[in-house]
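Understanding the architecture of this molecule
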Amino acid sequence: MAAPAMWQPQEEGLREICTLLEAHISPNSDQARIWQQLQHYSQFPDFNNYLVFLLARGEGKSIEVRQAAGLLLKNNLRTTFNSMPPPSQQYVKSELLPCIGATNKAIRSTVGTICEDVPEELDVDVPGLSERPINVFMPRMLQALYMSMDHYLQGLFNLAKDPSADVRKLVCSAWVQLIEVRPSILEPHLKNVTELILQANKDSDDEVALEACEFWSAYCDVSMPPEGLREFLPRLIPEDESFPDRDQDLKPRFHASRLHGSETGEDDDDDDAVNVWNLRKCSAAGLDVLSNVFGDDILPTLMPLIEQNLARTDDDSWKEREVAVLSLGAIAEGCINGLYPLLPQIVAFLIPLLDDKFPLIRSITCWTLSRYSKFIVQSLGHPNGREQFDKILMGLLRRILDTNKRVQEAACSAFATLEEEAAEELVPCLEIILKHLMCAYGKYQRRNLRILYDALGTLADAVGAELNQAKYLDIFMPPLITKWQQLSNSDKDLFPLLECFTSIAQALGQGFAQFAEPVFQRCISLIQSQQLAKVDPTAAGALYDREFVCLLIGPTVRTCRRSWCWCVESLVAQSNLRDLLLQCCMDEAADVRQSALALLGDLSRSPQSVKDAVSVANNACWAIGELAIKIGKEISPVVITVVSCLVPILKSPEGLNKSLLENSAITLGRLGRLSWVCCPDIVAPHMDHFMQAWCNALCMIRDDFEKEDAFHGLCAMVAANPNGAVGSLAYICQACASWNEIK
């Protein structure tokens, strides 16, 4: 039987549609009339055939017309593909597929936009199919790729020097993904791949060089044998040390919140440059990773380059000096054994650079000094150690008052890092520190104000009760309270300021009581705004939802205690404030704890979608796990309620924050261990419903005491209900095998 004839367009119809599309892309045409004509043509059954013919086979037509045909086709297919005659459907498919490999980039790109929605369409339930199409399609596609891996690799090698920068970038991206997912595939070819990546590091196109630079960190992250790179170090280290000067400073440091996941708020309009990942940052990160893998072995190659660049003192060589300073910061952790004897000389050289005429040198010097903070503080007892520390301290304080915003930011971040390490060593300098910080407070704009709040909070954490003196409080508390009262309930700056108050309140203890009233009144106002937001989502305060009020568990709980619990108790039935009770559960006053625990059961009424409030869910999850350790069996009345919230998170991890999954697994383990001791019949009987998902999440957790807590809970539940664990034995073994080192 003869094959059906391939559809062919009529010349007249093709000409009319071409003319219409040419007018459609002309800026001077009557677009409304043309759109009506296109709508008229779309009523014909084979109109889409004409469009795909123009896109795929329109040689001789302008690229713009062919692209217009493709984009119009995309819009049509979204709404009409299922109703098209089967021959037309088949024709469209057969013509589009070869275009993915078209020689013209514009045609490939247009066809790609037609295909971009396919993954979402494949990942849906289809009536009559036992599995989603993507679950059938992807394994077969990956199997085909694996069977053709030698051809695929050869294709990558052939395209490594393609004239198109986009192609070279994709080739580098493919090497990075392969080393991350299947490093064993690259091992036989590692020498050749490394040579190509070294060449790509020098590519004239920034994006190609950036993608190539990712390879070195990926190589080290997957624990490939270091010896595979060792012979290339003399060539690789100069590449990473060269750090192209194409962008701004490294990302500022924010000290870790006691509640997980609260690093930064919204970015200002001018923050894009500092947050964008680029070649300079990637090179610094790569050098950092390499220094942690090879340690002092890289110093013989790297240090002569650093010394050479530092010796260039003329203005034209400032970029080379900046690169050298950045390199010293990047290797501070990995090469510290070799650098430690040189630390006095390194610091002595860096201190004058804090006053360099070039802002980027001043800012990167702040960052590099912060990387050595721990060792600078350790050297306080050495000869000249105190003198050097004081010079660094005063140098950073001067830069906090710099006229350049990026330098202010770097100095404030570096100072906060130094505060953490120095702690009580800062006490003799408290007055001058506070005066500098509050002088900056009067001149900083929004973004840097948030970093300044961080520095103040870290200072309070570092010096503790030493801050509770009138001469210090008079310097910084009145401006903070004034700002607190000026900000509206919908202002995101309340968030970092409140966390700053939390640290200050913990440092001052009862000394904070004199400032508690305005803080407490604003908290009440925010709670009421939350209640109003349920009725009117546009009301002031609705901006924060649960994410903001999750932090209202610090200073007011400590200073207002019973009245705070009374306030929450009066509102909790109507609002989403359950997370505020967690700190109350640890209060030393028994009536406060009992009041909070009685209400903690409402935690199960969490947001309908965890994805809409990841920070809140993460903070609450982490806090409950800490409570399980700190207050023990007193939390048992709400164990089953909390477990019922954790299990759905573990069983549906797609798209969720990794930290949330890890905290859920840890908290479940802590509750499981607790329930085995005080209420063994609560959790263990249900473990077969969540054991497999739980074990999968346990595999992701790094080896530390929190993972140990989780595994204590795992063992306790298995001991309480062995039969419930039998069906998940392979998953339990896999979780156990995820340990590298048990301390």
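The structure contained in this document is the topic of the report that follows. All of these numbers come straight from a predicted model, not from anything done at the bench.

Along the backbone of the protein chain there are 41 helices and zero strands. Buried positions account for 52% of the 743 residues belonging to the protein chain. A separation of at least 24 residues holds for 74% of the contacts in the protein chain among residues at least 6 apart in sequence. Element-wise, carbon and sulfur atoms account for 53% of the exposed surface of the protein chain, whose accessible area totals about 35,300 Å².

This brings us to the packing of helix α21 (residues 343–353) against helix α22 (residues 359–371). Following both chains from N to C, one finds α21 and α22 inclined at 145°, their axes separated by 9 Å at the closest point. As for how α21 packs across α22, the hand of that crossing is left-handed. Within the contact between the two elements, α21 uses Val-347, Leu-350 and Leu-353 and α22 uses Ile-361, Arg-362, Thr-365, Thr-368 and Leu-369. Classifying every residue of the contact of α21 with α22 by side-chain character gives five nonpolar, two polar and one charged.

To continue, consider the nonpolar core. Core analysis: the biggest nonpolar cluster contains 128 residues, and Phe-215 and Leu-480 have the highest contact counts within it. Broken down by element, the residue count for this core peaks at 10 residues, all from helix α27 (residues 446–463). Setting aside chain neighbours within four positions, we find Phe-215 in contact with Trp-175, Val-176, Ile-179, Leu-186, Leu-190, Val-193 and Ile-197. Val-642, Ala-665, Leu-698 and Ala-725 belong to the second largest nonpolar core, which has 35 residues in total.

Here the focus is unusual backbone geometry. The residue Asn-384 is not glycine, and still its phi comes out positive at about 70°. Despite not being glycine, Ala-423 has its phi angle at roughly 50°, a positive value. Assignment of secondary structure puts Ala-423 in the loop between α25 (405–422) and α26 (430–441).

This part takes up the packing of aromatic side chains. This model, assessed by the stated rule, comprises 13 aromatic pairs. Through successive ring pairs, a cluster of aromatic residues spans Trp-7, Tyr-50 and Tyr-91. We note Lys-707 situated over the ring of Trp-739; from NZ or CZ to the ring centre the distance is 4.7 Å.

Further remarks concern the environment of Trp-216. Position of Trp-216 relative to the elements: it lies in helix α13 (residues 206–221). Judged by relative accessible area, which is 0%, Trp-216 ranks as buried. With 66 residues separating them in the primary sequence, Trp-216 and Cys-282 have C-alpha atoms 9.6 Å apart.

Okay, a nonpolar patch on the surface next. On the surface, a nonpolar cluster with roughly 430 Å² of combined accessible area is contributed by Phe-137, Met-141, Leu-142, Leu-145 and Tyr-152. No other element matches helix α8 (residues 133–147), which puts four residues into the nonpolar patch. By the secondary structure assignment, Phe-137 is in helix α8. We classify Phe-137 as partly exposed; its relative accessible area is 41%.

Quick look at helix α4 (residues 63–80) now. Residues that lie three or four places apart on an α-helix share one face, since the helix turns once every 3.6 residues. For α4, with 18 residues, the first-to-last C-alpha span of 25 Å sits near the 26 Å given by 1.5 Å per residue. The complete set of buried residues in α4 reads Val-65, Arg-66, Ala-68, Ala-69, Gly-70, Leu-72, Leu-73, Lys-74, Asn-76 and Leu-77.

Counted by the stated rule, this structure contains 29 salt bridges. Its salt-bridge partner being Arg-446, residue Asp-491 comes within 3.3 Å of it at the nearest N-O pair. Placement of the pair is Asp-491 in the loop between α28 (470–486) and α29 (494–508) and Arg-446 in helix α27, with a sequence separation of 45 residues. The buried category is assigned to Asp-491, whose relative accessible area is 14%. Since its relative accessible area comes to 33%, Arg-446 is described here as partly exposed.

What follows is about the packing of helix α3 (residues 47–57) against α4. Two numbers describe how α3 lies on α4: the axes approach to 8 Å, and their chain directions differ by 140°. Compared by their axis directions, α3 and α4 come out oblique. In this structure, α3 meets α4 at a crossing whose hand is left-handed. When α3 is examined against α4, the residues Phe-47, Asn-48, Leu-51, Val-52, Leu-54, Leu-55, Ala-56 and Arg-57 are found in contact with a partner set consisting of Arg-66, Ala-69, Gly-70, Leu-72, Leu-73, Asn-76, Leu-77 and Thr-80. Across the contact of α3 with α4, the residue classes tally to 10 nonpolar, four polar and two charged.

Taking 1.5 Å per residue as the helical rise, α28 with its 17 residues ought to reach 24 Å, and the 24 Å between its terminal C-alpha atoms agrees with that figure. Remark: the principal bend of α28, roughly 30°, maps to Phe-476, with a proline, Pro-478, within the next four residues. Among all positions of α28, only Tyr-472, Leu-473, Ile-475, Phe-476, Met-477, Leu-480, Ile-481 and Trp-484 are buried.

Let's shift gears to the side chain of Asp-356. Mapped onto the elements, Asp-356 comes out in the loop between α21 and α22. A polar side-chain atom of Asp-356 sits 2.9 Å from the main-chain amide nitrogen of Phe-358. When sequence neighbours within four positions are dropped, the list of residues in contact with Asp-356 reads Arg-321, Ile-361 and Arg-362.

We now examine the environment of Arg-66. Tracing the backbone shows Arg-66 in helix α4. When its relative accessible area of 10% is taken as the criterion, Arg-66 is described as buried. In sequence terms Arg-66 and Ile-107 are 41 residues apart; their C-alpha atoms lie 7.6 Å from each other. Residues within four places of Arg-66 in sequence aside, it is in contact with Leu-54, Leu-55, Ala-56, Arg-57, Gly-58, Glu-59, Lys-61 and Ile-107.

What counts and what doesn't
Residues numbered from 1 in each chain as written. Predicted model: local features only at pLDDT ≥ 70, side-chain atom pairs only at ≥ 80, totals over all residues. Heavy atoms only, no water. Helix = DSSP H or I, 4+ residues; strand = E, 2+ residues; numbered from the N terminus. Buried < 20%, exposed > 50% of the residue type's maximum accessible area, 1.4 Å probe, protein only. Contact = heavy atoms within 4.5 Å. Areas by Shrake-Rupley, 256 points an atom, 1.4 Å probe, with all protein chains shown as cover. Axes fitted to C-alpha atoms, helices over the stretch in contact; angles between N-to-C directions. Left-handed = near helix turned anticlockwise from the far one by under 90°. Nonpolar A, V, L, I, M, F, W, Y, C, P; charged D, E, K, R; others polar. Core = buried A, V, L, I, M, F, W, Y, C linked by side-chain atoms within 4.5 Å. Phe/Tyr/Trp six-rings, centres within 6.5 Å; stacked < 30°, edge-to-face > 60°. Lys NZ or Arg CZ within 6 Å of the ring centre and 35° of its normal. Patch = residues over 30% accessible without salt bridge, like charges linked within 9 Å, V, L, I, M, F, W, Y side chains within 5 Å. Salt bridge = Lys/Arg side-chain N within 4 Å of Asp/Glu carboxyl O. Expected span 1.5 Å × (residues − 1). Parallel < 35°, antiparallel > 145°, perpendicular 65-115°, else oblique. Bend = angle between axes of the 7 residues up to and from the residue. Polar contact = N/O pair within 3.5 Å; in protein donor to acceptor, adjacent residues only side chain to side chain.

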